[in-house]
Amino acid sequence: MRPFRLWSRFRCWTLSAPVRLKIMGIALGVIFLLGLAMTLQVRATLTGRMLEELEQRGVAVTRDVAGRAADLILTDNLFALQELVRTTMENNEDARYVFIVGRDGRILAHTFGEHFPPDLLVVNAAGPPARSRVELLETEEGLIHDLAVSILDGKAGVARVGMSERRLGEVVQGTTWLLLLVTVVVSLVGVAGAYLLTLVLTRPILQLVEVTRAVGRGDFSQQAPVWATDEIGRLSAAFNAMTEALARSRQEIEAYNRQLVRRNEELSVLYEEVQRKEELLRQLLEKLILAQEEERKRVARELHDEVGQSLTAVIMGLGTAEEGLPAELLPMRTQLARLQDLAAKTLEGIRRLMVDLRPTLLDDLGLIPAIQWYAETHLAPAGVAPTVEVVGPRRRLPPLVETALFRVAQEGITNIVKHAAASRATVRLEFRPASIAAAIEDDGTGFTRQEPRDGRGLGLMGMQERVTLLGGTLRLSSDQGRGTRIAIEIPLPDQGEEALASSHLRTNSHSLRHTP
Amino acid sequence: MALLAWLVLVLATGCGAQDQRKKVRLATESKSQVTLPTTAQKVPLRVAVAPVISPRESFKLYADLLDYIAHRIDRPVDFLQRMTYGEINELVRYGQADLAFVCDYAFVQGERDFGMQLLVAPVVMGKSRYQSYVIVPRDSDARSLEDLRGKAFAFSDPLSSSGWLFPTHLVRLAGEKPESFFKRSVFTYSHDKTVKAVADKLVDGGAVDSLVYEFMLMGDPQLGDKTRVIRQSEPWGNPPVVVHPRIDPDLREALKRVFLTIQDDLQGRSALAPLMIDRFVQPDAQAYDDVRSMAALVTGWP
């Protein structure tokens, strides 16, 4: 677990280091490790070789001493022996001591001056079968290779030479320091080289980063310089190609956008035109409807005031004339009575027409009684059982809405009477908080869309126009043999808007009054 | 850095740590106390050998013989060698050697100086006489000593009959001295060195002991290819074994007995073998007369 964490930490650390540092680190690490390994290897090899050489040289020197000492020992030439050990010592830098032991164990010559180390004599010896022998001695002056070579197979004595490792150690140490110094210098050169290399390597990357940022800001004009054909160069080239493609693509999009904007502007102009026209149409329609209503009112009033009174006067006149006729003029009287009757019927017809044109109930009692009255008076005579349902809190609605609802109901009922052959019909009013909904249903024959437009279709269109004018919706659902249902919903303005709307309506109604 | 230090430390100390090193203290204040192995308390017999051949060769050749004598007289033997015949004569004269192997001329000189006495003489390869050879390199033009006039010549020792007395005597007979006859003369102080010097052409000629020369030819036949003999002397008595005139007569008799009976046992024969000596015999004083007369001529003795 722990090594894994260490590894992941190392990985995180190395991955987050800049590439420049990584390359320099690799260079430094490789050179340093190589240098260290070389130093250690050279040191070990050098030490081994030099030790070997030291011993070989020691053996050679000792053999030489032994050879030259033989005659001197045999002829008891102690002075020459002393000269021999002295010159040998002088001529060999690594020799720490030289001495010659006689065949009886006496020391014949040595280089220690006055005091010969007492225990040195016994630590090494040579003789048959070994002509020479090496012993490694640990002294207070360091390690000494003590070499013993027998003289005349030991019959004349033994020559002993001590070769010191001191100079060897100094050479090895000096070489080691030199190698370490070289390693450090090469490391520095390597790091400098790696730095230059990273400059060359990372510059295109950094430039690429700069260009990427510029492209990110939307500046497609910048190009990543391609220094070489290596991976980074290829990346730069690919990046440039991508940037060019992006720029081209953006130009196309911009051109398309401009086209769209132009189209949009054109469309907005058209839309405004359409709206204006529509508004004009609406206003026209509104005026038309209002004018129609007003016209109907006027016609109704005219009929009431002029025709109604005239007919009443005619009836009354006929009655008076009848009463005034003698009995024998019975056929005449009968004729008069018939005329009176006809007049009364005509008056009745005119009155109905008057009501049809503009029921005073609507103005006087309101929407619901008006619809109720109209349904009863028109459906019952046609053999259709009418039902009027009201849901929600009843309240007076803006006159225009009430008129529209009434006219829709009137048209629906008229359609039922004329085409449906229904036995039952229902008018349903629902007062909703922000709207008024109405539905007119029957159980008659119904119709399909495919039926040719006749008067009923025109009536439906009128309904649609009125409802739409008030911002409402009309849905017609019908099927062959399944009856018909007309559902409308008209939004009602809020209280504040209601006041506005009413004032608007007043204005409208006011203007209507002045309309001829 | 710590790692590096550790590595260096390991490298420096790890090399020989496993060895069982002997500890020695080089600097010491006390005077050396070297205890000598105490051998027999008996007085050693001091035997001197003249450097007829080089000391190490003599040492090898005479070692067995001296050991044998030590064994026979039940006394240790001190083997004394010196660089010159003269020093050997001095050792005998002043009582520092009890017994000596010397050359004819050295004996004649000692006899004259302090009455040096013959003890025994060897018979070498069946012969009781030997000669002096004047030798030159094999390819030398010299046919006689006269041809070596003005050349470099090697003597062995000023007290050698074969190596110095004979050629000097010849030069004298020609009415000259070696210093004027030869361009240059050297003393090698042993016959084997003279043979080698001639073989290696370090000198143009030399005078050697015939016994040594033939002995060397047996050991190294190539020497025969490199040298040749241009002059031989008259045969003289082999180089004798001598004693001081005032030696203890008992010792003298004992030694004589030992020498004359060496060849009687196996050990003795093998001790004689390296020296090519068959046996030792009673010396013949007249065998050295020729040497005496040569010495008289050269040194101007009466």
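Cut-offs and rules
Residues numbered from 1 in each chain as written. Chains lettered and ligands numbered in written order. Predicted model: local features only at pLDDT ≥ 70, side-chain atom pairs only at ≥ 80, totals over all residues. Heavy atoms only, no water. Helix = DSSP H or I, 4+ residues; strand = E, 2+ residues; numbered from the N terminus. Rg over C-alpha atoms; globule rule 2.2 N^0.38 Å. Buried < 20%, exposed > 50% of the residue type's maximum accessible area, 1.4 Å probe, protein only. Contact = heavy atoms within 4.5 Å. Lys, Arg positive; Asp, Glu negative; His and termini not counted. Charge placed at Lys NZ, Arg CZ, Asp CG, Glu CD. Buried area = accessible area lost by both parts, 1.4 Å probe. Salt bridge = Lys/Arg side-chain N within 4 Å of Asp/Glu carboxyl O. Polar contact = N/O pair within 3.5 Å; in protein donor to acceptor, adjacent residues only side chain to side chain. Nonpolar A, V, L, I, M, F, W, Y, C, P; charged D, E, K, R; others polar. Pairing = 2+ DSSP bridges. 1 Å grid on protein atoms, 1.4 Å probe; cavity = no way out; pocket = protein on both sides within 12 Å on 5 of 7 lines; lining within 4 Å. Points joined across faces, edges and corners; volume = space filled by probe spheres on them. Expected span 1.5 Å × (residues − 1). Arc of directions from axis to C-beta. Axes fitted to C-alpha atoms, helices over the stretch in contact; angles between N-to-C directions. Left-handed = near helix turned anticlockwise from the far one by under 90°.

Draft legend 1. Quick peek at the overall build of chain A. Across its full length, chain A carries 11 helices and 10 strands. Whereas a compact globule of 516 residues would reach a radius of gyration of roughly 24 Å, chain A reaches 66 Å, over 25% beyond that. Dimensions along the principal axes, computed over C-alpha positions, put chain A at roughly 220 × 45 × 45 Å. Residues classed as buried in chain A amount to 36% of the 516 residues present. Counting contacts in chain A only where the partners sit at least 6 residues apart, residues at least 24 apart contribute 62% of the total. Of the side-chain charges in chain A, 61 are positive and 65 negative, and the distance between the mean point of each set is 2 Å.

Draft legend 2. Fine view of the interface of chain A and chain B. In this complex, chain A contributes 41 residues to the contact, which on the side of chain B involves 29 residues. For the pair chain A and chain B, the two sides together bury roughly 3,300 Å², of which 64% comes from carbon and sulfur. Across the contact surface, chain A and chain B share 3 salt bridges. For the salt bridge of D71 of chain A with R56 of chain B, the shortest nitrogen-to-oxygen distance reads 3.4 Å. Our enumeration of links across chain A and chain B arrives at 9 residue pairs in polar contact (both at pLDDT 80 or more). Elements supplying a minimum of two residues to the side of chain A that touches chain B: α2 (19-74), β1 (95-102), β3 (132-139) and β4 (142-151) of chain A. Broken down by element, the side of chain A that touches chain B gets its largest block of residues, 9 residues, from α2 of chain A. Tallied by class, residues from the side of chain A that touches chain B come to 21 nonpolar, 5 polar and 15 charged. Bridge analysis of β3 of chain A against strand β1 (residues 22-23) of chain B gives 2 bridges, and the strand direction is parallel. By the bridge assignment for β1 of chain B, L137 of chain A is matched with K22 of chain B.

Draft legend 3. Fine view of empty space enclosed by the protein. Per the counting criterion, the structure on display carries 3 cavities of 30 Å³ or more. Volume-wise, the largest cavity comes out at about 380 Å³. Taken together, 21 residues make up the lining of the largest cavity; nearest its centre are V52, Y62, L211, V212 and L275 of chain B. Breaking the lining of the largest cavity down by element, the ones donating at least two residues are α2 (55-73), β5 (117-124) and α8 (210-219) of chain B. Looking at the lining of the largest cavity element by element, the count peaks at 3 residues for α8 of chain B. Looking at the lining of the largest cavity, its residues break down into 20 nonpolar, no polar and 1 charged. Put simply, the second largest cavity is a space of about 100 Å³. Elements with a minimum of two residues in the lining of the second largest cavity: α9 (399-420), β8 (435-442), α10 (455-469) and β10 (484-491) of chain A. Ranked by the residues each element gives to the lining of the second largest cavity, the list is headed by α9 of chain A, at 4 residues. By residue class, the composition of the lining of the second largest cavity is 7 nonpolar, 3 polar and 2 charged.

Draft legend 4. Region of the structure containing helix α3 (residues 78-91) of chain A. Residues and elements named next belong to chain A. With 14 residues, α3 ought to run about 20 Å at 1.5 Å a step, and its terminal C-alpha atoms sit 20 Å apart, in line with that. Turning to α3, its buried residues are A80, L81, L84, V85 and T88. One face of α3 carries all of its buried residues, which in axial projection span an arc of 140 degrees. Exposed residues lying more than 90 degrees from the buried face of α3 are F79 and E90.

Draft legend 5. Summary view of the environment of L267 of chain A. Residues and elements named next belong to chain A. Tracing the sequence through the fold places L267 in helix α5 (residues 231-324). Given a relative accessible area of 52%, L267 falls into the exposed group. Distance in space between the C-alpha atoms of L267 and G216 is 34 Å, their sequence separation being 51 residues.

Draft legend 6. Broad picture of the packing of helix α7 (residues 191-199) of chain B against α8 of chain B. Residue and element names in this part refer to chain B. Orientation of α7 relative to α8, taken along the N-to-C sense of each, is 65 degrees, at an axis distance of 9 Å. Seen along the crossing, α7 lies across α8 with a hand that is right-handed. The segment α7 lies against α8, with H191, D192, V195 and K196 engaging V212, Y213 and M216. When grouped by side-chain class, the residues that make up the contact of α7 with α8 number 4 nonpolar, 1 polar and 2 charged.

Draft legend 7. Main features of the sheet that holds strand β7 (residues 424-431) of chain A. Residue and element names in this part refer to chain A. Read from one edge of the open sheet, 5 strands run β6-β7-β8-β10-β9, paired in mixed fashion. Two strands lie at the open edges of the sheet, namely β6 (385-391) and β9 (473-478), each paired on one side alone. Averaged over all neighbouring strand pairs, the angle between strand axes comes to 10 degrees, with direction disregarded. In this structure, β6 lies alongside β7, joined through 7 bridges in parallel fashion. Bridge assignment links V391 to a residue of β7, and that residue is E430. The strands that α9 touches are β7, β8 and β10; relative to β8, the one it contacts most, it runs at about 10 degrees.

Shape descriptors only; they carry no functional weight alone.
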